[in-house]
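# Residue-level structural notes
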Amino acid sequence: MVDNKNFIEDVNEQATLIIDQIHKEMEMYEKDEINIFKASLEKEIDAYYEGELNDLRLKTQTTISQNKLDTKRKLLKLRTDLAKELFDTAEMKLLTFSRSKDYQEYLKAKLAKNAVEYCNGYFEVRFEDVEIFKQLTDELNICNDIRIADIKLGGFTFTSTVDRIQLDETLDSRLLEQEAWFMDHSGFIL
């Protein structure tokens, strides 16, 4: 029985060694699996963070673009409103001027400025200026073919049918020229 006991002890010892070896292999396998799982999980987390970060970047860029666009719209409206207010005021001042005594002298100077044979054509003026213009043409001894035109602020145009020229001395045109110049040179650029 002694032999049997030694044999059983030997078998138990061998079994314990094998069991210990299996436990060690299971621990290593478990650690390897956990490490692989952790590495995979870290990659997924990094990919998720990167995706979220890209979404935030996109949302931020979209918000910035929308804010820039809104700001440009507001600035454009402000620019338009300021320019309109400025030129509405200028228009009112020109209308006031066209009802003043200085207006007749202004027209006289404009007629004298141009070295044109006024008998070769006709004048176009606004309805309110017909009488003033008749007086001026009589005073300056020039032909007075005067026609009514769609002129709002004052002044005149002269069309020479012989020389094929047209002079535009209207306040309307001067205001439009100044408005265009102002828009080009005002610094109101977006």
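Note: the structure precedes this text.
The shown structure was predicted, so the numbers you read here are calculated from the model rather than taken from an experiment. Along each chain, residues carry numbers from 1 onward, in the same order as the chain's sequence is written. With pLDDT at 70 or above as the cut-off, local features in this predicted model cover only qualifying residues; side-chain atom pairs require 80 or more to be listed or tallied, and sums for whole chains, interfaces and linings still use all residues. Water and hydrogen atoms were dropped before computing side-chain values, which therefore reflect all heavy atoms in the structure.

### Comments concerning the sheet that holds strand β3 (residues 155-160)
The pairing of strands in a sheet happens through backbone hydrogen bonds and is either parallel or antiparallel. Strand order across the open sheet formed by four strands is β2-β1-β3-β4, with mixed pairing between neighbours. Edge positions in the sheet fall to β2 (146-148) and β4 (165-170), since each has one partner strand and no second. Going from strand to strand, the sheet's axes swing by 20° on average, the running direction of each strand aside. We call two residues in contact whenever any of their non-hydrogen atoms come within 4.5 Å of each other. Only the stretch in contact is used when a helix axis is fitted, and all axes are lines through C-alpha atoms; the angle between N-to-C directions ranges over 0 to 180 degrees. Numbering goes from the N terminus for both helices and strands, where a helix is a DSSP run of H or I of at least four residues and a strand is a run of E of at least two. The sheet contacts of helix α2 (residues 101-113) involve β1 (121-125), β3 and β4, and relative to β3 the element is tilted by about 25°. One requirement defines pairing of two strands: DSSP has to find at least two bridges between them.

### Describing the packing of aromatic side chains
Only centres within 6.5 Å qualify two rings of Phe, Tyr or Trp (six-membered ring in Trp) as a pair; their planes then separate them into stacked at under 30 degrees, edge-to-face at over 60, and tilted for everything else. With the rule as written, the count across this model stands at 11 aromatic pairs. Judged by centre distance (5.8 Å) and plane angle (70°), the ring pair of Phe-123 and Phe-156 falls under edge-to-face. Of this pair, Phe-123 sits in strand β1 while Phe-156 sits in strand β3, and the two are 33 residues apart along the sequence. Phe-123 gets classed as buried once you look at its relative accessible area, which sits at 1%. Think of it in three bands: with a 1.4 Å probe and only protein chains considered, a residue is buried below 20% of the maximum accessible area for its type, exposed above 50%, and partly exposed in between. Note on Phe-156: relative accessible area 0%, which makes it buried. Grouping aromatic residues by their ring pairs yields a cluster made of Tyr-118, Phe-123, Phe-133, Phe-156 and Phe-158. Above the face of the Tyr-122 ring, Arg-147 is positioned so that its terminal group lies 3.7 Å from the ring centre. The criterion for a charge sitting over a ring is simple: Lys NZ or Arg CZ within 6 Å of the ring centre, and within 35 degrees of the ring normal.

### Here's the deal with the pattern of salt bridges
The salt bridge criterion pairs a side-chain nitrogen of Lys or Arg with a carboxyl oxygen of Asp or Glu, the two atoms within 4 Å. By the definition in use, this model includes 12 salt bridges. Between Asp-70 and Arg-73 there is a salt bridge, and its shortest N-O distance comes to 3.0 Å. A residue pair is termed a helical-turn pair when its members lie 3 or 4 positions apart in one helix, as Asp-70 and Arg-73 do in helix α1 (residues 2-97) at three residues. Salt bridges here are not isolated pairs; linked through shared partners, they connect Lys-110, Lys-113, Glu-169, Arg-174 and Glu-177.

### Points about the side chain of Thr-170
Mapping Thr-170 onto the fold places it in strand β4. Polar side-chain contacts of Thr-170 include one of 2.7 Å to the side chain of Asp-168. Reaching out from Thr-170, the side chain makes a polar contact with the side chain of Ser-173 at a distance of 2.9 Å. Here Thr-170 is in contact with Ile-151, Gly-154, Gly-155, Phe-156 and Thr-157, once residues within four sequence places are set aside. Residues adjacent in sequence count toward polar contacts only when both atoms are side-chain atoms; beyond that, a polar contact is any pair of N or O atoms within 3.5 Å, and within protein one must be able to donate a hydrogen and the other to accept it.

### Focus on the pairing of β3
Summarising burial for β3: six of the six residues are buried, a large majority. Residue alternation in β3 divides its side chains into two sets, Gly-155, Thr-157 and Thr-159 and Phe-156, Phe-158 and Ser-160, and both sets are buried. Pairing of β3 with β4 involves six bridges; the strand directions are antiparallel. Each residue of the ladder has a partner; that of Phe-158, found in β4, is Leu-167. A loop of four residues connects β3 with β4, the two strands running antiparallel in sequence, and Arg-164 in this loop sits at a positive phi of about 55°.

### Notes on a nonpolar patch on the surface
A contiguous nonpolar patch, built from Phe-37, Leu-41, Ile-45, Tyr-48 and Tyr-49 and spanning about 560 Å² of accessible area, is present on the exposed surface. Structurally, Tyr-48 is set in helix α1. Like-charged residues are merged into a patch within 9 Å and nonpolar side chains (Val, Leu, Ile, Met, Phe, Trp, Tyr) within 5 Å, provided each residue has over 30% relative accessible area and no salt bridge. Note on areas: these come from Shrake-Rupley sampling with a 1.4 Å probe, and a residue is covered only by the protein chains present in the view.

### Quick notes on the environment of Ile-148
Turning to its location among the elements, Ile-148 is positioned in strand β2. On the basis of relative accessible area, Ile-148 is assigned to the exposed category, the value being 53%. Sequence spacing of Ile-148 and Phe-127 is 21 residues, and the spatial spacing of their C-alpha atoms is 5.6 Å. Ignoring sequence-local partners within four residues, the contact set of Ile-148 consists of Val-125, Phe-127 and Val-130.

### Focus: the packing of α2 against helix α3 (residues 130-139)
Closest axis-to-axis distance for the α2/α3 pair is 11 Å, and the angle between their directions is 50°. Considering the angle they form, α2 stands oblique to α3. Handedness of the α2/α3 crossing: right-handed. Residue-level inspection shows Tyr-103, Gln-104, Leu-107, Lys-108 and Leu-111 of α2 in contact with α3, the latter providing Ile-132, Phe-133, Gln-135, Leu-136 and Glu-139. Comment on the angle field: the value is read as roughly parallel under 35 degrees, roughly antiparallel over 145, roughly perpendicular from 65 to 115, and oblique elsewhere. The hand of a helix crossing depends on one turn: near helix anticlockwise from the far one by less than a right angle means left-handed, and clockwise means right-handed.

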